[in-house]
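Listed below, chain by chain, are the residues.
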Amino acid sequence: MSVRKRKWKGSDGIEKEAWVVNYTDIKGVRRLKTFTRKKDADEFASKADVEVREGVHVADRDTVTVKKAGELWIATGEGEDLERSTINQRKRHLKFHIEPFIGGTLLSKVDARAFQDTLRAEGRSPAMVKKALGSLGSIFADSIERKLAVRNPVRDMRRSRKGKERRAEQRQKGKLTVGEDIPSRDEVKALVGALSGRWRPLLLTAIFAGLRSSELRGLRWQDIELDRREVRVQQRADEFGEIGRPKSHAGERTIPIPPIVVNALREWKLAYSRPIVGRDEDGEPVREDVKPHHLIFANGAGKVESHANIINRGLVPAMLAADVTVPTSKKDKDGNVVIAAKYSGLHALRHFYASWLINRPADGGLGLPLKVVQERMGHSSITMTADTYGHLFPRGDDADELAAAENALLG
């Protein structure tokens, strides 16, 4: 590694000079890099010397821009036949949150911390900053496999973060709260009482089986064992209505269901809206017989129901009918405050299901242990379950229990 001054005369006859760093990279290839100022050359030489010795140096000629690396990352996902929703998410992250700020930057020059600061300064939400950083880290992981990079600055940044900083972030995120994020027992009771029509069996299944929207939309009659009172999750429907297997092995699971769900599904099967296959002699529609592969909660054409319809035509009207509502900042034409559904996402019902599994029988729950809750929820790890719902588990140190423990110990 050497730094030397180079002088020469330009075509205009004027003498010019520059500083040249001469070094050999980790591949044994001799490299020359030119700088206008000696200070810049010295800084590069010091940095490159360390990187070469640590085996993490990539010459600018051997790398690509973040934009190009992102395009290759998307191509990798398409080649691995990832779901269309996943590919579209990659494209959105690259187009709207990565390219505008570091798209033209070479991989070797990316500063992950500076990128994070830029996203925050540009008004991206904490959740989006985290997602964009995750995508950038995945881009680097793909680039490392392609020999376009030898280090992942996002991973390095995260490893360097102290536990205290991570704990502070977790505190800021906050815990799920009953009555705010999780419907209360009284709210669910009111909601169940207000359910009717084609949305009743679907929403009851969401409440008492905890299925995700994609799992509900992909559920078939062959996945239900009414006599054994259980539901088997074996497939899901993505946002485009395409059927596929659950995203993880843990997603494939068997869930016991209570009588209210069993009865609702039996009734729905009798009234199930099946595709029209013809007309009888009086012109009345003839529908296809119920078959195992039919979707339980299909739309009128027998196809995958849209998530938006479930929310806007099913959940929200049911919430309003049950008076599970909150006032908004809007007013109608008569000056009255507009009332909205308190919970407008199916995940709130999934949160309730988790709390129902966890709560003690004395409190109207099942009192199940953490591992069983993880399996019923279809979480890929017990850590995910503990991080999300751990605070809902009974502490076991209530005053009465402490008194009983004292008596058992001291007599």
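Only a predicted model underlies this, so the values are computations on that prediction, with no experimental measurement involved.

Peer 1: Help me understand the packing of aromatic side chains, please; the structure alone is not making it clear to me.
Peer 2: Both the distance between ring centres and the angle between the ring planes are used here to describe each pair of aromatic rings. Applying the stated rule across the entire model yields 2 aromatic pairs. Between Phe208 and Trp356, the ring centres sit 5.4 Å apart and the planes meet at 75°, which makes this aromatic pair edge-to-face. Of this pair, Phe208 sits in helix H9 (residues 199-209) while Trp356 sits in helix H13 (residues 347-358), and the two are 148 residues apart along the sequence. Each of the two residues, Phe208 as well as Trp356, counts as buried. Judged by its relative accessible area of 17%, Trp356 is buried. By the ring-pair criterion, three or more aromatic residues cluster together here, those being Phe208, Tyr353 and Trp356. In this arrangement the basic side chain of Arg6 is found over the ring face of Trp8, its NZ or CZ atom lying 4.5 Å from the centre. Above the face of the Trp199 ring, Arg198 is positioned so that its terminal group lies 4.3 Å from the ring centre.

Peer 1: Explanation requested: the layout of surface pockets in the structure shown.
Peer 2: One way to see where empty space is left: roll a probe the size of a water molecule over the atoms. Considering only enclosed or pocket space, the second largest pocket measures out at about 860 Å³ in volume. Around the second largest pocket, the lining comprises 24 residues; the ones closest to its centre are Ser85, Gln89, Arg212, Arg236 and Lys247. Elements with a minimum of two residues in the lining of the second largest pocket: helix H3 (84-102), helix H5 (126-145), helix H10 (213-217) and strand S6 (236-237). Counted by class, the lining of the second largest pocket contains 4 nonpolar, 10 polar and 10 charged residues.

Peer 1: Could you clarify how one ought to interpret H3 in this entry?
Peer 2: The periodicity of an α-helix, 3.6 residues per turn, causes residues three or four places apart in sequence to face the same way. With 19 residues, H3 ought to run about 27 Å at 1.5 Å a step, and its terminal C-alpha atoms sit 25 Å apart, in line with that. Along H3, the sharpest change in direction is near 40° and occurs at Leu94. Residues of H3 that are buried include every one of Ser85, Ile87, Arg90, His93, Leu94, His97, Ile98 and Ile102, and no others. Residues of H3 that are buried make contact with helix H2 (66-79), helix H4 (112-121) and H5.

Thresholds, definitions, all that
Throughout this description, residue numbers start from 1 for each chain and increase along the sequence as written. Side-chain atom pairs in this predicted model are given and counted only at pLDDT of 80 or more, local residue features only at pLDDT of at least 70, and totals for whole chains, interfaces and linings cover all residues. Water and hydrogen atoms were dropped before computing side-chain values, which therefore reflect all heavy atoms in the structure. Aromatic pairs are defined between Phe, Tyr and Trp rings, using the six-membered ring for Trp, whenever the two ring centres lie within 6.5 Å; interplanar angles under 30 degrees are classed as stacked, those over 60 as edge-to-face, and all others as tilted. To qualify as a helix, a DSSP run of H or I must reach at least 4 residues; to qualify as a strand, a run of E must reach at least 2; elements of each kind are numbered from the N terminus. Burial classification: accessible surface area is computed with a 1.4 Å probe over protein chains only, and a residue below 20% of its type maximum counts as buried, one above 50% as exposed, and the rest as partly exposed. Geometrically, a charge over a ring is one whose NZ (Lys) or CZ (Arg) sits within 6 Å of the ring centre while staying within 35 degrees of the ring normal. Definitions used throughout: a 1 Å grid over protein atoms alone; a cavity as a set of points that fits a 1.4 Å probe which cannot get out; a pocket as an open set with protein on both sides within 12 Å along at least five of seven lines; a lining residue as one with an atom within 4 Å of a point. Grid points are joined across faces, edges and corners, and a volume is the space filled by probe spheres set on the points. By the convention adopted, Pro, Cys, Tyr, Trp, Phe, Met, Ile, Leu, Val and Ala count as nonpolar, Lys, Arg, Asp and Glu as charged, and the other residues, Gly among them, as polar. A helix is expected to span 1.5 Å multiplied by its residue count minus one. Bend, in this description, refers to the angle at a residue between axes fitted to the seven residues ending there and the seven starting there. Note on contacts: a residue pair is in contact if any heavy atoms of the two residues lie within 4.5 Å.

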